[in-house]
Amino acid sequence: MNWFKYSSPQTFFPLAGKLAPWFGVLAAITCAAGLYLGFFVAPTDAQQGDAYRIIFIHVPAAWMSMFLYLVMAFWAGLGLAFNTRLSGMMASAVAPTGALFTFLALWTGSLWGKPTWGTWWVWDARLTSELILLFLYFGFMALQAAIDDPRRADKAGAVLALVGVVNIPIIYFSVKWWNTLHQGASVSLTKAPTMAATMLTGMAVMAFGFWFYSIAAALTRARCIMLERERASEWVGDYARRSA
Amino acid sequence: MGKIAGTSSLQAVDLHCVRGERKLFGALNFTLRSGELLRIAGANGSGKTSLLRIACGLLEPTRGEVRWGGKDIRRLQEEFWRQLVYVGHANSIKDDLTATENLHVACTLAGVPRQAAQIGEALRRLGLAGCENLPARVLSQGQRRRVALARLALSKGAPLWILDEPFAALDAAAVEHVQDLIAEQLSRGAAVILTTHLEARITAAAALRIDLEAT
Amino acid sequence: MLAALRCVIYRDLLLAVRRSSDVLTVLLFFVIVVSLFPLGVGPDPALLRTIAPGVIWVAALLASMLALNRMFASDHADGTLEQMLLGATPLGMTVAAKILAHWVISGLPLVLISPVLALQFDFPREFLWTLTLSLAFGTPVLSLIGAIGAALTLGLRGAGALLSLLVLPLYVPVLIIGAGAADAAVSGLGGQAQLLLLGALLVFAGAFAPWAAAVALRISTE
């Protein structure tokens, strides 16, 4: 299979259209299975009761939020290095999904914090880094939204994403350090005393579900971006006539 | 008046330029050799400035490349820019600096530092005697343009000049001076690209013309 | 090449001297923001002493961000930036020179006045030097990171607000380590570790930020 064939929007568009629904279906199935495992099969935690079950969403969402930033930076860097149109579109398509998962991780973290710590928000190292990650996503999207010329938007976003990637480890370690200085080590979300095998399976299945969802969402969004940016081109005209 | 050593030719290969939604020009080819003058004509918005910015390496063409001495200018970077003098739409003058200071900074950045005496001489040549130490803010529009163009009188060693509307805001006498400067530079073996609405009378070994509406 | 870099620094400093009100505005902003905190949280000396490093650092962050807009904007408007892009010196070096000049204009005054502000907060005098040193190491990092943001937002509408959204999250490590230095000194741990870390950040940012900003400038001026 010649991968370069799919590096132009014109050929990638139909492929993305074919793949997106399949990943959507896969996402629905795995998420349903993961939630079932998490909410019905996994045992109740001895210390935290049923409140802990939020981690089946929280932990995979947190994984995805960080991973998607890397994916976004990877596409952005590729676009900057090889000047391909598609890479920039993929980076812009991934960003909102990444922000969504970051927000989800924060929200579920806060929901989990109320029964566990007795407060909605704790300046825990992970939560704080996650909050800063959300700001980084917002910055990327705001910068791209402020630039009219898509080519400049792609390149500027790419520089920002790469600077962000270099900074994320520094931010994470500084926040962690700050956290240990200012308060004793807090209960960590992932450090549940004994992780039952079913819990781990549940989280892994959910992570796959989020994976498939991210791919489906990114492909669908990329298709919209392609149509919008290439609206002057012939193939979009053909597509519009066929689907009209 | 010595010839400039080691001049190269500027070559545009299959240049395309799309700005926003608009296609400005496509499949543009030209070769500009030593001593040749290229005049780019076209109505407002036809892409003259974009073409000049592409030729400088400020703007990346949508497709195609510009070569200097056979090498892509995006590869050459500073090596190309050291040989180039670009006078753009903006005068590139700081309001808070004097005419002399402005030229001093411009020449140093271009890698050819000049003494105050040389700068004064260049300013006098463009009819700015007495304005050397005035802040640029108090100069008129035409006088600022002259300060910007005085750089030409200080860049006789540069094998390529790219001038965007050099005669804008100039009076007849100043237009005459600048035309003389360009003709001298051409006779020295440099290549010059310019856009202008005036029918400039510049003697050159060969004068090329690109009409952007025609492409 | 050194002549060109010297020339850029000299030019920016000269412009700042001729437009000294700009420099003063940033400094006054810093002083006012710091002075607002006691009005907001109350004049309890014990509380003020604890929050002093954090307040001064946050204010320094905001003040240096306020000054960022000017780093490239006026050069962009009058076309002198184009001449730098087409200069004989590699753009990264020119940008580094501009950042240095920008720090001298907008960062150094903050560093110099910070001990006075810290005294307003009754901050222990023997630790003043740690606070000042942390700002001396930290504020150049802010200018370096900020330069990338300033270059990316060059010429955009609403560039100021956007710039803060881009740059402030990236400032977090500097803030944590910088404010941590004085905190650690007060609590008896000594601030050397933090100061060394800030120094490391400065070296790291100094090596990479000018090049990233140069790439961003080329993108923004197309």
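Predicted model, so just to flag it, every value in this text is computed and none were measured.

J.: Looking at this structure, how should I read the overall build of chain A?
T.: Counting its secondary structure elements, chain A contains seven helices and zero strands. Taken from the N to the C terminus, the helices and strands of chain A come in the order α-α-α-α-α-α-α. Overall, chain A is about 60 × 40 × 30 Å in size when its C-alpha atoms are taken along their principal axes. Out of the 244 residues belonging to chain A, those deemed buried represent 46%. In chain A, the share of contacts with a sequence separation of at least 24, taken over all contacts with a separation of at least 6, comes to 78%. Side-chain charges in chain A split into 17 positive and 11 negative, and the spacing between the mean points of these groups amounts to 3 Å.

J.: Where do I start with the pattern of salt bridges in this structure?
T.: Taken as a whole and assessed by the stated rule, the structure comprises 29 salt bridges over all chains. Across the salt bridge formed by B:Arg63 and B:Asp14, the nearest N and O atoms sit 3.6 Å from each other. Residue B:Arg63 is found in strand E4 (residues 63–68), and its partner B:Asp14 is found in strand E1 (residues 10–19); the two are separated by 49 residues along the sequence. Taken together, the shared-partner salt bridges in this structure form one network comprising B:Lys94, C:Arg11, C:Asp12, C:Asp75, C:Asp78 and C:Lys98.

J.: Help me understand the interface of chain B and chain A in this model?
T.: A common way to report how large an interface is uses the accessible area buried once the components associate. In this complex, chain B contributes four residues to the contact, which on the side of chain A involves four residues. Between chain B and chain A, roughly 390 Å² of surface is buried when both sides are summed, and carbon and sulfur atoms account for 19% of that area. Taken together, chain B and chain A are joined by one salt bridge. A salt bridge links B:Glu60 to A:Lys155; the nearest nitrogen and oxygen atoms lie 3.8 Å apart. In this structure, the connection of chain B to chain A is made through two residue pairs in polar contact (both at pLDDT 80 or more). Along the lines of polarity and charge, the residues of the side of chain B that touches chain A split into one nonpolar, one polar and two charged.

J.: I tried to follow the interface of chain A and chain C on my own but got confused; where do I start?
T.: Each partner contributes residues to the interface: chain A has 30 residues there, and chain C has 26 residues. A combined buried area of about 2,300 Å² lies between chain A and chain C, and 78% of that area is made up of carbon and sulfur atoms. Scanning the region where chain A abuts chain C turns up two salt bridges. In this structure, A:Asp148 engages C:Arg157 in a salt bridge whose closest nitrogen and oxygen atoms are separated by 2.7 Å. If you look at where chain A meets chain C, you find six residue pairs in polar contact (both at pLDDT 80 or more). When residues in the side of chain A that touches chain C are grouped by element, the largest group, 18 residues, is from helix H5 (residues 150–182) of chain A. Looking at the side of chain A that touches chain C residue by residue, the class counts come to 21 nonpolar, five polar and four charged.

J.: Please clarify how the side chain of A:Arg152 should be interpreted in this entry.
T.: On the secondary structure map, A:Arg152 appears in helix H5. An unpaired buried charge is present at A:Arg152: no salt bridge exists, and A:Asp149, the closest side chain of opposite charge, is 6.9 Å distant.

J.: Looking at this structure, I do not really get the sheet that holds strand E2 (residues 22–32) of chain B. What am I missing?
T.: In sheet architecture, strand pairing relies on hydrogen bonds along the backbone and comes in two forms, parallel and antiparallel. Residue and element names in this part refer to chain B. Spatially, E2-E1-E4-E5 is the arrangement adopted by the four strands of the open sheet, whose pairing is antiparallel. The open sheet has two edge strands, E2 and strand E5 (71–72), and neither has a second partner. Taken together, the seven bridges between E1 and E2 define a ladder with antiparallel strand orientation. Bridged to Gln11 within E2 is Thr31.

J.: Hey, could you run me through the packing of aromatic side chains in this one?
T.: Remark: the centre distance and the inter-plane angle together describe each pair of aromatic rings, the angle taken between the planes. All names here are of chain A. Tallied over the entire structure, the rule returns 16 aromatic pairs over all chains. The interplanar angle of 80° and the centroid separation of 4.8 Å between the aromatic rings of Phe13 and Tyr239 together place this pair among those described as edge-to-face. Of this pair, Phe13 sits in helix H1 (residues 9–41) while Tyr239 sits in helix H7 (residues 234–243), placing them 226 residues apart in sequence. Here the aromatic rings of Tyr172 and Phe173 are separated by 5.6 Å at their centres, their planes lie at 75°, and the arrangement is edge-to-face.

J.: Would you explain the side chain of A:Arg223 in this entry?
T.: Residue and element names in this part refer to chain A. The topology assignment puts Arg223 in helix H6 (residues 197–229). A polar contact is formed between the side chain of Arg223 and the side chain of Tyr239, at a distance of 3.4 Å. For Arg223, the contacting residues outside a window of four places in its chain are Phe13, Pro14, Ala16, Gly17 and Tyr239.

J.: So what exactly am I meant to see when it comes to the environment of C:Gly206 here?
T.: Residue and element names in this part refer to chain C. The topology assignment puts Gly206 in helix H10 (residues 192–220). The exposure class assigned to Gly206 is partly exposed, which follows from its relative accessible area of 32%. A sequence separation of 162 residues divides Gly206 from Asp44, and the C-alpha atoms of the two residues are 40 Å apart.

J.: Where do I start with the sheet that holds strand E6 (residues 84–87) of chain B in this structure?
T.: All names here are of chain B. Ordered in space as E6-E7-E8-E3-E9, the five strands form an open sheet in which the pairing is parallel. Either end of the sheet is taken by a strand with one partner, and the two such strands are E6 and strand E9 (206–211). Taken pair by pair, the neighbouring strands of this sheet meet at an average axis angle of 10°, ignoring direction. Bridging between strand E7 (residues 160–164) and strand E8 (residues 191–195) involves five bridges; their strand directions are parallel. Bridged to Asp164 within E8 is Thr195. Strands strand E3 (36–41), E6, E7 and E8 of the sheet are contacted by helix H1 (residues 48–56), whose axis makes an angle of about 155° with E7. Packing of helix H7 (residues 172–187) onto the sheet brings it into contact with E3, E7 and E8, and relative to E7 it is tilted by some 155°.

J.: Would you mind showing me how to read the pairing of E1(B) here?
T.: The side chains of a regular strand alternate between the sheet's two faces. Residues and elements named next belong to chain B. In sequence, E1 turns back onto E2 through a hairpin of two residues, with Gly20 there showing a positive phi of about 65°. Inspection of the sheet shows E1 paired to E4 by five bridges, in the antiparallel sense. Its bridge partner lying in E4, Leu10 is registered against Trp68.

J.: So what exactly am I meant to see when it comes to the environment of B:Leu123 here?
T.: Residue and element names in this part refer to chain B. Here Leu123 is to be found in helix H5 (residues 116–125). Between the C-alpha atoms of Leu123 and Leu154, which are 31 residues apart in sequence, the distance is 9.5 Å. Dropping the residues within four chain positions of it, Leu123 is found in contact with Ala99, Thr100, Leu103, Leu128, Ala129, Glu132, Val147 and Ala150.

J.: Sorry if this is basic, but what is going on with the packing of helix H4 (residues 70–78) of chain C against helix H6 (residues 91–106) of chain C here?
T.: When two helices pack together, their arrangement is given by the angle between the helix axes and by the axis-to-axis distance. Residues and elements named next belong to chain C. Viewed as axis vectors pointing N to C, H4 and H6 meet at an angle of 120°, and their least axial separation amounts to 10 Å. As judged from the angle between their axes, H4 and H6 are oblique. Packed against H4, whose contacting residues are Met71, Phe72 and Asp75, the element H6 presents Val95, Lys98, Ile99 and His102 at the interface. Across the contact of H4 with H6, the residue classes break down as four nonpolar, one polar and two charged.

J.: What should I look at first to understand the state of the cysteines in this one?
T.: Here a disulfide denotes one covalent bond, and it connects the sulfur atoms of two cysteines. Within the structure shown, the criterion is met by zero disulfides over all chains. B:Cys17 carries a free sulfur, and the closest cysteine sulfur to it, the one in B:Cys56, is 13 Å from it.

Reading guide: rules and limits
Residues numbered from 1 in each chain as written. Chains lettered and ligands numbered in written order. Predicted model: local features only at pLDDT ≥ 70, side-chain atom pairs only at ≥ 80, totals over all residues. Heavy atoms only, no water. Helix = DSSP H or I, 4+ residues; strand = E, 2+ residues; numbered from the N terminus. Buried < 20%, exposed > 50% of the residue type's maximum accessible area, 1.4 Å probe, protein only. Contact = heavy atoms within 4.5 Å. Lys, Arg positive; Asp, Glu negative; His and termini not counted. Charge placed at Lys NZ, Arg CZ, Asp CG, Glu CD. Salt bridge = Lys/Arg side-chain N within 4 Å of Asp/Glu carboxyl O. Buried area = accessible area lost by both parts, 1.4 Å probe. Polar contact = N/O pair within 3.5 Å; in protein donor to acceptor, adjacent residues only side chain to side chain. Nonpolar A, V, L, I, M, F, W, Y, C, P; charged D, E, K, R; others polar. Pairing = 2+ DSSP bridges. Phe/Tyr/Trp six-rings, centres within 6.5 Å; stacked < 30°, edge-to-face > 60°. Axes fitted to C-alpha atoms, helices over the stretch in contact; angles between N-to-C directions. Parallel < 35°, antiparallel > 145°, perpendicular 65-115°, else oblique. Disulfide = S-S within 2.5 Å.

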